[in-house]
Amino acid sequence: MTVTFVLTLLLSVLIGLSLGLLGGGGSILTVPILTYVAGLDPKEAIAASLFVVGATSAVSAVNHARNGRVKWRTGLVFGAAGMAGAFLGGILGGHIPGTVLMIAFALMMVATSLAMIRGRKGSAATPHDGELPLLKVVLEGLVVGLVTGLVGAGGGFLVVPALALLGGLSMPVAVGTSLVVIAMKSFAGLAGYLTTVQLDWALVLSVTAAAIAGSVVGARLAGIVPEAALRKGFGVFVLVMGVFVLVQELPGAAGAAVGIGAGALAVAALACWFAVPKCPLRAARTA
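If you're wondering where the values come from, they're calculated on a predicted model, not measured in any experiment.

Draft legend 1. Up close: the overall build of the protein chain. The number of helices and strands found in the protein chain is 12 helices and zero strands. Secondary structure elements in the protein chain, listed N-terminal to C-terminal, are α-α-α-α-α-α-α-α-α-α-α-α. Across the 287 residues of the protein chain, 44% fall into the buried class. A sequence separation of at least 24 residues applies to 82% of the contacts in the protein chain between residues at least 6 apart.

Structural data, given as structure tokens:
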């Protein structure tokens, strides 16, 4: 057992932790781990990540369901509509430059994260945990699927906000339900990749086992962490990843400027939070 293999397994626990706790982040974490740490070819890493994320999401969804945090009808309909939208998005994505897609995706991540951190206003701020209207679920699923099909990743980053902000579900239920959607889309994508890609199943299954272990911990934490803290934590995580993608995709000077600006804002936010008694960040609406 090599050091690289052990490191890959340890990092894989974070994949499951992210999925179990936040309902997203699986593919964004899995692909870099398999590419840069395990040394897989990018296409192999993407295909392997679909199995890892799909299997981990399915197991984690069961754990959430046992605690009443999955709306099956909403998840299954959303997932089916998302798969249709993703197919169309995949066709359209072939005609758009990759850099343009990734920059657009990063900007959407930033906008989504700010919405999650800010929360909803007024009466809509009170979450409910009933099944969502069928037409609304289909439309949201098609839109989210279209976007994820265009960029090839980020399902949970869009599904959770769609269920929590637009659908009004509480964060724990939005997280649990999103895992059903992610599992469906992941296995659908895997079926396509397996027609052209061969996988090292020993490695893939080992990574999956480590991720599932992390997902069990994440699912338990999702039922303990307060609603506002979970929502804002998800928002911060998405914001960080969105800025990272922008720094990677924008031309040299622009990418550096975004990175420096984001770093300065982060330092200012931390200073406000810990040093200013009436910091607007702490006084903001948390519902």
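Draft legend 2. Main features of the packing of aromatic side chains. Enumeration according to the criterion identifies one aromatic pair in this entry. Measuring from ring centre to ring centre gives 5.2 Å for Phe51 and Trp201, while their planes differ by 85 degrees; the resulting arrangement is edge-to-face. Of this pair, Phe51 sits in helix H3 (residues 42-66) while Trp201 is found in helix H9 (residues 201-222), placing the two residues 150 residues apart along the sequence. A relative accessible area of 17% means that Phe51 is categorised as buried.

Draft legend 3. Structural view of the nonpolar core. Formed by 28 residues in total, the largest nonpolar core has its most connected members in Phe78, Met109, Phe157, Leu163, Met171 and Phe234. Elements that contribute at least two residues to this core include exactly helix H1 (3-22), helix H5 (98-118), helix H6 (134-151), helix H7 (155-166), helix H8 (171-193) and helix H10 (227-249). It is H7 that provides the largest number of residues to this core, a total of seven residues. Among the nonpolar cores identified, the runner-up in size contains 25 residues, and Ala45, Val52, Leu179 and Ala211 belong to it.

Draft legend 4. Expanded view of H3. The first and last C-alpha atoms of H3 sit 36 Å apart over 25 residues, in line with the 36 Å expected at 1.5 Å per residue. Phi turns positive one or two residues past the end of H3, at Gly68, with a value near 70 degrees.

Draft legend 5. Structural detail: the side chain of Ser60. Its location among the elements puts Ser60 in helix H3. Beyond its immediate chain neighbours, meaning those up to four positions away, Ser60 contacts Gly20, Leu179, Ser215 and Ala219.

Draft legend 6. Up close: the environment of Met171. Structurally, Met171 can be placed in helix H8. Judged by its relative accessible area of 0%, Met171 falls in the buried class. For Met171 and Phe234, which are 63 residues apart along the polypeptide, the C-alpha to C-alpha distance reads 9.5 Å.

Draft legend 7. Just a nonpolar patch on the surface, in detail. Judged by side-chain polarity, Met1, Val6 and Leu10 come together as a nonpolar surface patch covering roughly 350 Å² of accessible area. For Val6, a relative accessible area of 33% gives the class partly exposed.

Draft legend 8. View of the packing of H1 against helix H2 (residues 26-37). Contact geometry of H1 with H2 gives a least axis separation of 9 Å together with a crossing angle of 175 degrees. Compared by their axis directions, H1 and H2 come out roughly antiparallel. Here Thr4, Leu7, Thr8, Leu11, Ser12, Leu14, Ile15, Ser18 and Leu19 of H1 come into contact with H2, specifically with Gly26, Leu29, Thr30, Ile33 and Val37. Grouping the amino acids of the contact of H1 with H2 by side-chain chemistry returns eight nonpolar, six polar and no charged.

Draft legend 9. Summary view of the side chain of Thr74. Mapped onto the elements, Thr74 comes out in helix H4 (residues 72-93). Assessed through its relative accessible area of 1%, Thr74 is described here as buried. Once you skip the residues sitting within four places of it in the chain, Thr74 turns out to touch Glu131, Leu132, Val137, Leu163 and Thr177.

Draft legend 10. Representation of the packing of H1 against H9 in the model. Interhelical geometry of H1 versus H9 gives an angle of 40 degrees and a closest axis separation of 6 Å. The orientation of H1 with respect to H9, classified from their angle, is oblique. Crossing hand, H1 versus H9: right-handed. Residue-level inspection shows Phe5, Thr8, Leu9, Ser12, Val13, Ile15, Gly16, Leu17, Gly20 and Leu21 of H1 in contact with H9, the latter providing Leu203, Ser206, Val207, Ala210, Ala211, Gly214, Ser215, Val217, Gly218, Ala219, Leu221 and Ala222.

Draft legend 11. Structural view of the environment of Thr99. Within the element layout of this structure, Thr99 appears in helix H5. For the pair Thr99 and Leu250, spaced 151 residues apart in the sequence, the C-alpha separation amounts to 8.1 Å.

Draft legend 12. Inspection of the environment of Trp72 at higher detail. Mapping Trp72 onto the fold places it in helix H4. Residue classification places Trp72 among the partly exposed residues on the basis of a relative accessible area of 41%. Put simply, Trp72 and Val181 are 109 residues apart on the chain and 9.7 Å apart in space, counted from C-alpha to C-alpha. Ignoring sequence-local partners within four residues, the contact set of Trp72 consists of Ala65, Glu131 and Val180.

Conventions adopted
Residues numbered from 1 in each chain as written. Predicted model: local features only at pLDDT ≥ 70, side-chain atom pairs only at ≥ 80, totals over all residues. Heavy atoms only, no water. Helix = DSSP H or I, 4+ residues; strand = E, 2+ residues; numbered from the N terminus. Buried < 20%, exposed > 50% of the residue type's maximum accessible area, 1.4 Å probe, protein only. Contact = heavy atoms within 4.5 Å. Phe/Tyr/Trp six-rings, centres within 6.5 Å; stacked < 30°, edge-to-face > 60°. Core = buried A, V, L, I, M, F, W, Y, C linked by side-chain atoms within 4.5 Å. Expected span 1.5 Å × (residues − 1). Patch = residues over 30% accessible without salt bridge, like charges linked within 9 Å, V, L, I, M, F, W, Y side chains within 5 Å. Areas by Shrake-Rupley, 256 points an atom, 1.4 Å probe, with all protein chains shown as cover. Salt bridge = Lys/Arg side-chain N within 4 Å of Asp/Glu carboxyl O. Axes fitted to C-alpha atoms, helices over the stretch in contact; angles between N-to-C directions. Parallel < 35°, antiparallel > 145°, perpendicular 65-115°, else oblique. Nonpolar A, V, L, I, M, F, W, Y, C, P; charged D, E, K, R; others polar. Left-handed = near helix turned anticlockwise from the far one by under 90°.

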